[in-house]
Amino acid sequence: MTLKTVLPFLFLLLSSRLFAQSLGVNEADYGLNVRRSIGPIVLDGRLDEAAWDKADTVSNFWQFFPYDTIRAGARTRVRVLFDAEFLYIAAECYQPRRYVVTSLKRDFARGQSDLFEVNIDPFGDKLNGFNFAASPYGVQREGLITNGQEFATDWDNKWYVRVGNAADRYTVEMAIPFKTLRYKQRQTGDGPDVWLINFIRSDIARNEQSAWAPIPLNFTGQALAFSGRLIWEHPPPSPGANVSLIPYGLAETGRDYQSGIPPRRGVNAGFDVKVAVTPSLNLDLTVNPDFAQVEVDQQVTNLSRFELFFPERRQFFLENSDLFGSFGTSVTNPFFSRRIGLVRNPRTGFNERVPILAGLRLSGRLDRNWRVGVLNMQTGRRSLADSVTLPPINYGMLAVQRRISTRSFLSALLVNKDPVGIMPAGAAQPYNRVAGLEYSLASTNNQWRGKAFYHRSFSPDRPAQPYAVGALLFVDKPAVNGRVGVYDIGDNFRADVGYVPRASLLKFHGEVFRVLFPKGRLGRHINRFYLGPNWDFIYGKRQNRLIDWDAGLFGGITMQNQSQLSFVFLRWDYTYLFSPFDPSNTGGVALPANTSYLYFSHRLTYVSNVRKPFFYSFNGRYGQYFNGRITQLHTVLSYRQQPYGVFSLDFTYNGIRLPAPHSQSDLLLIGPKVDLSFTRSLFLTAYVQYNNQINNVNTNNRFQWRYKPVSDLFVVYTDNYFAYETLDDDNRLMRAWQPKNRALVVKFTYWLNL
């Protein structure tokens with residue numbers, strides 16, 4: 001019996017022990033009746049309509065930070081109503097008028113602002129839901145909750161909020177259109193409609209986070225396993241037809257100095273369409289999309305032998321992304337949407353951007369137990385220098401998810417990449433497909449989570465061992481945290497639309513740590529300690545030996561003011577080089593293949609109190625590195641000019657000292673950044689990055705005017721330079737700048753409800 005057959009069996013056997021976990025919250029103790037409004041609601045943050053006096057009220061919130069055993073010190077009262085179009089939520093948040101607010105920009109960062117928020121789970125599966133939040137200044141944030149507690153603000157939709165401010169409280173009044181929410185109406189006779197809901201409050205000045213339905217302190221406010229019930233006096237209304245058209249127009253000018261292509265100038269246009277096929281199933285169409293307004297990736301110093309991972313930022317690919325992108329793990333992911341729109345140039349070996357002509361995505365729920373996702377994208381042809389033409393490619397994915405217990409589900413996937421036309425010489429094989437099955441589990445109290453998967457790739461040459469199989473298990477209890485994963489990736493597993501840094505390996509990794517919550521005088525300052533081992537072992541199947549491992553003892557301290565200190569000591573790393581490698585990645589003399597290295601180091605990370613106007617973080621590493629030594633420092637210094645934004649400086653230094661003739665490198669990456677919100681509709685993000693590892697200087701400046709809800713005007717300027725040293729006329733060393741590429745884009749988008 002091979003590892004690829006044993007892993008899923010052992011995982012399923014273990015998971016069968018987890019469903020007996022008791023509920024963290026007795027939902028029967030936390031119920032709120034939602035009544036139809038007896039009159040119109042004027043959204044003004046005043047709550048002076050007679051209808052609010054008739055609404056049921058909940059209060060008496062529970063802390064979940066810094067403790068989870070006492071009532072909240074910050075008083076909160078919440079009421080809920082509805083009419084034919086909106087679900088209304090009102091909250092009175094008692095707090096002196098001394099607010100901590102990071103920004104006036106929508107979708108502000110978590111953990112750094114006072115806020116009131118609500119989680120809504122219309123299907124009651126405790127896996128997927130919506131989150132709506134507002135700061136005391138009326139700044140909105142909305143996001144999707146997936147896999148029970150994973151939260152992202154990439155989802156954008158229309159909803160409304162007004163906030164009233166008094167000396168002792170701020171009052172939040174939300175109106176969420178039923179068209180924005182996705183739910184399935186119950187059939188007549190099925191009993192009262194019940195959704196799951198929870199209300200969360202963050203009071204930064206008090207250093208307190210609290211919730212109506214209690215949440216254990218080892219979870220975040222987006223943990224859907226801990227919810228109360230929203231009981232409908234009358235069934236929620238049908239949301240009706242929901243079709244949105246989002247056209248854009250764009251004007252740009254730019255030049256690529258490296259390619260020698262003449263400067264480009266022109267205009268472009270396209271559009272997106274959102275269609276609610278059913279209240280819970282959405283169809284998204286895009287024609288000639290352009291992502292010029294998307295913020296470019298932050299550069300990193302690359303000391304790895306393998307491809308780096310950068311998250312998706314394009315809006316079209318982000319909504320319901322868990323249906324498409326959460327298969328596998330970071331070791332092997334069969335679908336990574338950033339591959340779409342990039343094709344490898346067979347002459348240079350680098351990825352080249354190609355235009356996306358059109359695409360569609362159908363995603364959402366068929367009912368309480370079934371979710372489905374269908375994605376299809378078509379790219380266009382692109383001609384390069386030397387008569388190289390990159391052909392059009394069709395990308396497709398099908399994902400189906402079936403809930404099989406309270407919070408566990410079985411998923412199937414099929415990914416397809418198929419060129420349209422003849423591939424140039426040296427390019428990848430004509431097509432690549434990946435099919436797979438996954439089982440994901442989560443106990444009812446969220447203390448156990450995990451998955452087991454089997455994926456198989458298909459290509460014209462039908463190689464041996466085209467599979468990836470693995471299992472991952474998390475435990476998240478108040479006193480014990482940990483994870484363990486084991487994987488077997490076949491010699492010829494290929495996922496051209498995925499992220500698979502390495503193949504032909506066996507991997508076993510994990511960490512387990514004990515958590516202690518001090519009491520008494522010490523507990524006034526320290527929230528928790530944790531300490532435990534971590535490990536990562538990789539066996540190369542082609543090399544028939546252990547090729548990488550690391551192990552160490554790690555721990556940390558979380559203070560009551562939310563600052564954190566973490567450390568790794570007694571850390572050993574082992575690397576076997578099966579090909580030559582320069583550990584500085586600067587093109588220096590490489591260490592030879594078929595050599596191995598065992599090296600020892602220490603690591604330290606600190607995050608300061610983010611509630612203060614000036615806050616910072618740093619992490620450092622010091623010790624041996626291959627056959628030499630390394631000194632590493634990464635720090636981010638930030639100053640919050642409340643409530644207008646944050647000024648920050650990102651600094652990374654890597655000092656690498658290897659014996660001659662190998663590298664003696666001082667690698668710098670410096671990036672000042674400004675993120676400003678002049679008003680709730682005018683924003684500026686600007687930063688510069690200097691990276692001497694690749695001799696590059698780049699700047700990205702983005703101005704945004706949100707002139708209507710979810711409708712924007714963007715002005716974006718980007719510039720890249722090659723930085724190098726040369727001698728001037730007096731034979732003195734000087735820094736010179738050679739332009740690589742630059743572009744100026746003006747983009748206009750408009751959200752139109754049809």
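Note that this is a predicted model, so its numbers are computed, not measured.

Calculation rules
Residues numbered from 1 in each chain as written. Predicted model: local features only at pLDDT ≥ 70, side-chain atom pairs only at ≥ 80, totals over all residues. Heavy atoms only, no water. Helix = DSSP H or I, 4+ residues; strand = E, 2+ residues; numbered from the N terminus. Rg over C-alpha atoms; globule rule 2.2 N^0.38 Å. Buried < 20%, exposed > 50% of the residue type's maximum accessible area, 1.4 Å probe, protein only. Contact = heavy atoms within 4.5 Å. Areas by Shrake-Rupley, 256 points an atom, 1.4 Å probe, with all protein chains shown as cover. Lys, Arg positive; Asp, Glu negative; His and termini not counted. Charge placed at Lys NZ, Arg CZ, Asp CG, Glu CD. pLDDT = per-residue confidence, 0-100. Patch = residues over 30% accessible without salt bridge, like charges linked within 9 Å, V, L, I, M, F, W, Y side chains within 5 Å. Salt bridge = Lys/Arg side-chain N within 4 Å of Asp/Glu carboxyl O. 1 Å grid on protein atoms, 1.4 Å probe; cavity = no way out; pocket = protein on both sides within 12 Å on 5 of 7 lines; lining within 4 Å. Points joined across faces, edges and corners; volume = space filled by probe spheres on them. Nonpolar A, V, L, I, M, F, W, Y, C, P; charged D, E, K, R; others polar. Core = buried A, V, L, I, M, F, W, Y, C linked by side-chain atoms within 4.5 Å. Pairing = 2+ DSSP bridges. Phe/Tyr/Trp six-rings, centres within 6.5 Å; stacked < 30°, edge-to-face > 60°. Lys NZ or Arg CZ within 6 Å of the ring centre and 35° of its normal.

**Student:** Describe the overall build of the protein chain, with residues and values.
**Tutor:** When helices and strands are counted, the protein chain shows 4 helices and 43 strands. Over its C-alpha atoms the protein chain spans a radius of gyration of 27 Å, differing by no more than 12% from the 27 Å that the globule rule assigns to 754 residues. Taking the principal axes of its C-alpha atoms as reference, the protein chain extends roughly 80 × 60 × 60 Å. Among the 754 residues that make up the protein chain, the fraction classed as buried is 51%. Within the protein chain, counting contacts between residues at least 6 apart in sequence, those at least 24 apart form 60% of the total. Approximately 33,100 Å² of the protein chain is accessible, and the part contributed by carbon and sulfur atoms is 57%. With 85 positive and 63 negative side-chain charges, the protein chain shows a separation of 3 Å between the mean positions of the two kinds.

**Student:** Before we move on, can you summarise the confidence of the model for the protein chain with the specific residues and values?
**Tutor:** Averaged over every residue, the pLDDT of the protein chain is 87; the share at 70 or more is 90%. Note that residues 8–24 has pLDDT below 50 and, in this model, 33 contacts with residues that lie over four places away or in other chains.

**Student:** Describe in detail the environment of A435, supporting the description with residues and values.
**Tutor:** By the secondary structure assignment, A435 is in strand β26 (residues 432–442). For A435, a relative accessible area of 25% corresponds to the partly exposed category. Distance from A435 to N119, taken between C-alpha atoms, is 34 Å for residues 316 residues apart in sequence. When near neighbours in sequence (up to four residues on either side) are disregarded, A435 contacts L413, L414, Y454, H455, R456 and F458.

**Student:** With reference to specific residues and values, describe a nonpolar patch on the surface.
**Tutor:** A cluster of nonpolar side chains, F614, L637, Y639, F647 and L649, forms an exposed patch at the surface whose accessible area comes to about 420 Å². On the secondary structure map, F614 appears in strand β35 (residues 614–625). Of the residues examined, F614 reaches a relative accessible area of 43% and is grouped as partly exposed.

**Student:** Outline empty space enclosed by the protein, listing residues and values.
**Tutor:** Tallied over the entire structure, the rule returns 4 cavities of 30 Å³ or more. For the second largest cavity, the calculated volume is near 210 Å³. Lining the second largest cavity are 15 residues, and of these N128, F130, N320, R365 and R371 lie nearest its centre. Those elements that provide at least two residues to the lining of the second largest cavity are β7 (129–134), β8 (140–146) and β20 (356–365). With 3 residues, the single largest contributor to the lining of the second largest cavity is β8. Partitioning the lining of the second largest cavity into residue classes produces 5 nonpolar, 6 polar and 4 charged.

**Student:** Before we move on, could you go through the pattern of salt bridges and cite the residues and values that matter?
**Tutor:** It is possible for side chains of opposite charge to pair when their charged atoms get near one another. Going through the model one piece at a time under the given rule, you end up with 29 salt bridges. When the shortest N-O distance is used, the salt bridge between R35 and D56 registers 3.1 Å. Remark: D56 occurs in the loop between α2 (50–54) and β2 (57–58) and R35 occurs in strand β1 (residues 31–36); sequence separation between them is 21 residues. Looking at R35, the relative accessible area reads 26%, which means it is partly exposed. In this structure D56 comes out as partly exposed when scored by relative accessible area, which is 21%.

**Student:** Residues and numbers for the nonpolar core, please.
**Tutor:** By size, the foremost hydrophobic cluster in this structure holds 40 residues, and its most contacted members are L87, I89, I120, F132, M174 and F199. The residues touching I120, leaving out its near neighbours within four places in the chain, are L87, I89, G129, F130, F132, I176, L181, W195, L196 and I197. Listed in part, the 37 residues of the second largest apolar core include L390, L413, A468 and I538.

**Student:** Go over the pairing of strand β40 (residues 696–708) with me, naming the residues and quoting the values.
**Tutor:** Relative to β40, strand β39 (residues 682–691) runs antiparallel, the two sharing 10 bridges. By the bridge assignment, T685 is partnered in β40 with R702.

**Student:** If you had to explain the packing of aromatic side chains to someone new, which residues and values would you point to?
**Tutor:** Inspection of every chain in the model, using the stated rule, returns 42 aromatic pairs. Relative to Y88, the ring of F86 has its centre 5.8 Å away and its plane inclined at 45°; by these criteria the two rings are tilted. Residues F86 and Y88 agree in their burial class; the two are buried. Residues Y606 and F618 carry aromatic rings whose centres are separated by 6.1 Å and whose planes lie at 40° to one another, so their mutual orientation is tilted. Here Y606 is found in strand β34 (residues 595–607), whereas its partner F618 is found in strand β35, with 12 residues between them in sequence. Taking the relative accessible area as the measure of exposure, F618 reaches 27% and is therefore partly exposed. Feature note: the residues F82, F178, Y183, W195 and W232 constitute an aromatic cluster, connected by ring pairs. Sitting over the ring of Y576, R545 keeps its end group 3.9 Å from the ring centre.

**Student:** Quick one: what's the story with unusual backbone geometry, residue by residue and with numbers?
**Tutor:** Of all residues except glycine, most have a negative phi; of all peptide bonds, most are trans. Look at the link from F65 to P66: it is a cis peptide, with omega at 5°. Counting through the fold element by element, P66 comes out in the loop between β3 (62–65) and β4 (76–82). Of note, the bond from Q642 into P643 is cis; its omega dihedral lies within 30 degrees of zero at -5°. Within the secondary structure layout, P643 lies in the loop between β36 (628–641) and β37 (645–657). Look at L47: it is not a glycine, yet its phi comes out positive at around 60°. Position of L47 relative to the elements: it lies in the loop between β1 and α2.

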